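Structural description and commentary
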Amino acid sequence: MDLERLELEDVSFNGSSLPTTLNSLPNLWYVWLKNCDFAGGLDNLFVRNDATLNVFPSITLLIIDDNPRIGGTMPSSIGLLTMLEELSLKNLGMTGYIPPEMDILKRNLRELYLHENKFNSTLSVFQNFSNLEKLNLNDCSFMGDLDELFGSTDTAGGFSKLRYLFIESNSMSGTIPCEIGNLTSLEELWLGGNFWMGTIPTEFGMLSSLKYFYLENCALSGTIPTKIGQMTSLYNIWLNGNDLTGTIPTELGLLSNLENLRLTFNFLNGTIPVRLSKLERLQNFMLEENDLTGFMPDKICQLWPKLSFLSADCKANDPEVICNAATCCTCCESPC
């Protein structure tokens, strides 16, 4: 058979096992099986039907997303897919360890998506995947710290091509290593919902290509680094739900592309910098549940209607920030 591409989505197979016959098709390079209600583990997909044939000899893209009844563990036979450039196994109900054979894929793999599974692993299994451009491990129950991803070098493990790094909602701990500032190709960084300790590294200021920066709900302490003002490509900053202290850096006013800024549920103090009125593209600015005082600067209010949502601790009977709810702040009562 000369089948090269197979794409099935939203077609129910009512809990059937993945077909074993696919892996011997010599020209099949693209498999997309999304939301098809497959079950019974991944092992069937990699069973060698003929000892003289390689498993998936030509496959470069394998996507089996949103089949949560598949379950089981990641099979060691995943290492047979040496030509893979993109692998996505999102929301398959998998548990257990990621096998060391995954390391065999590092030569060609460009994109890896394993989010919404429950692995009992650390990030060390992905060390030295130097060709990766996109890595999504959100909501996977990973443990340990980020150093296990980057290894012992000072170059962040050689991830020079990495553009998207998603490790939100895991059980990660430890500090965020300053070497992350060497990932200068990064465009999106999602690290929220973990148990990081310590402060936000000033080296983040080196990430000049970063557009989306999410570090929410992590219990990070210390101040917001002024070097963030050098990250001029940023669209979104979410630092809400931490233990950040000090004042809001005026340098944030240099982020001319910024559209969303969330600083809620911290311990920030002082007044709101007038310089933030330079953020002419700002659409959402959230400040409630801090220790800020003074007035909401009129020049920030004048960003309306582009600035469509502005929140602060400005409730009428006990305002910490004086803000006219009718003409400026859109929410003065937490939660907004």
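Our subject is the structure listed above.
The structure reproduced in this document is the subject of the present report.

Focus on the overall build of the protein
The helix and strand inventory of the protein stands at two helices and 21 strands. If one aligns the C-alpha atoms of the protein with their principal axes, the spans along those axes are about 75 × 45 × 30 Å. Out of the 336 residues in the protein, the part that is buried amounts to 49%. Counting contacts in the protein only where the partners sit at least 6 residues apart, residues at least 24 apart contribute 57% of the total. Carbon and sulfur atoms provide 49% of the accessible area of the protein, an area that totals close to 14400 Å². The centroid of the 21 positive side-chain charges in the protein is displaced by 6 Å from the centroid of its 40 negative side-chain charges.

Some details on the pattern of salt bridges
Overall, the coordinates contain seven salt bridges when judged by the stated rule. A salt bridge links D139 to K118, with the shortest nitrogen-to-oxygen separation between them at 2.8 Å. On the criterion of sequence distance, the pair formed by D139 in the loop between β8 (134-136) and α1 (147-150) and K118 in strand β7 (residues 118-119) is long-range, its members being 21 residues apart. With relative accessibility at 42%, the residue K118 sits in the partly exposed group. Taking the shortest distance from any N to any O, the salt bridge between E133 and R163 comes out at 3.6 Å. Placement of the pair is E133 in the loop between β7 and β8 and R163 in the loop between α1 and β9 (164-166), with a sequence separation of 30 residues. Since its relative accessible area comes to 25%, E133 is described here as partly exposed. Salt bridges sharing common partners tie together E133, R163 and E187.

As for the environment of E85
Positionally, E85 belongs in the loop between β3 (61-63) and β4 (86-88). By relative accessible area, which is 40% here, E85 ends up partly exposed. On a C-alpha basis, the gap between E85 and D147 in space is 25 Å, while along the polypeptide they are 62 residues apart. Leave out the neighbours within four places in its chain, and E85 touches T60, N108, L109, R110 and E111.

Thoughts on the state of the cysteines
Applying the stated criterion across every chain yields a total of four disulfides. Covalently, C314 is tied to C332 through a disulfide, its sulfur atoms 1.9 Å apart. Between C314 and C332, the S-S dihedral sits near -90°, and the bridge is therefore left-handed. Taken together, the positions of C314 in the loop between β20 (309-311) and β21 (321-322) and C332 in the segment after β21 put the pair 18 residues apart, joining distant regions of the chain. Disulfide pairing is shown between C331 and C336; the S-S distance is 2.1 Å. Classification of the bridge connecting C331 and C336 rests on its S-S torsion, roughly -95°, and on that basis the disulfide is left-handed. The disulfide pattern of the protein is 1-4, 2-7, 3-5, 6-8 when the bonded cysteines are numbered in sequence order.

Looking at the packing of aromatic side chains
Counting across every chain of the model gives 13 aromatic pairs. The interplanar angle of 85° and the centroid separation of 4.9 Å between the aromatic rings of Y214 and W238 together place this pair among those described as edge-to-face. Taken together, the residues span a long stretch of sequence, with Y214 in strand β13 (residues 212-214) and W238 in strand β14 (residues 236-238) at a distance of 24 residues. On the accessibility criterion, Y214 (5% relative accessible area) is buried. Following the ring pairs from residue to residue traces out a cluster consisting of Y164, F166, W190, Y212, Y214, Y235 and W238.

Re the nonpolar core
Where a protein is soluble and globular, its nonpolar side chains tend to be buried together. Counting 99 residues, the largest nonpolar core has F126, F213, L215 and M296 as its most contacted members. The set of elements that each furnish at least two residues to this core consists of β2 (30-34), α1 and α2 (298-301). For L215, the contacting residues outside a window of four places in its chain are I176, L191, G192, W196, I200, F204, L220, W238, L239, N240 and N242.

A word on the environment of Q283
Inspection of the secondary structure assignment puts Q283 in the loop between β16 (269-270) and β17 (284-286). Exposure remark for Q283: the relative accessible area of 27% places this residue in the partly exposed category. Sequence spacing of Q283 and T226 is 57 residues, and the spatial spacing of their C-alpha atoms is 22 Å.

Observations concerning unusual backbone geometry
P305 follows W304 through a cis peptide bond whose omega is 10°. For P305, the location among the structural elements is in the loop between α2 and β20. Positive phi outside glycine occurs at D139, with the angle close to 55°.

Re the side chain of N257
Examined against the element boundaries, N257 turns out to sit in the loop between β14 and β15 (260-262). Within the local environment of N257, its side chain forms a polar contact with the backbone oxygen of T232, the two atoms lying 2.9 Å apart.

Quick look at the side chain of N260
Its place among the elements puts N260 in strand β15. The class for N260 is buried, based on a relative accessible area of 16%. In terms of polar contacts, N260 uses its side chain to reach the side chain of N284, at 2.6 Å.

About the thresholds
- Residues numbered from 1 in each chain as written.
- Predicted model: local features only at pLDDT ≥ 70, side-chain atom pairs only at ≥ 80, totals over all residues.
- Heavy atoms only, no water.
- Helix = DSSP H or I, 4+ residues; strand = E, 2+ residues; numbered from the N terminus.
- Buried < 20%, exposed > 50% of the residue type's maximum accessible area, 1.4 Å probe, protein only.
- Contact = heavy atoms within 4.5 Å.
- Areas by Shrake-Rupley, 256 points an atom, 1.4 Å probe, with all protein chains shown as cover.
- Lys, Arg positive; Asp, Glu negative; His and termini not counted.
- Charge placed at Lys NZ, Arg CZ, Asp CG, Glu CD.
- Salt bridge = Lys/Arg side-chain N within 4 Å of Asp/Glu carboxyl O.
- Disulfide = S-S within 2.5 Å.
- Phe/Tyr/Trp six-rings, centres within 6.5 Å; stacked < 30°, edge-to-face > 60°.
- Core = buried A, V, L, I, M, F, W, Y, C linked by side-chain atoms within 4.5 Å.
- Polar contact = N/O pair within 3.5 Å; in protein donor to acceptor, adjacent residues only side chain to side chain.

Limitation: the analysis is restricted to geometry and does not speak to function.
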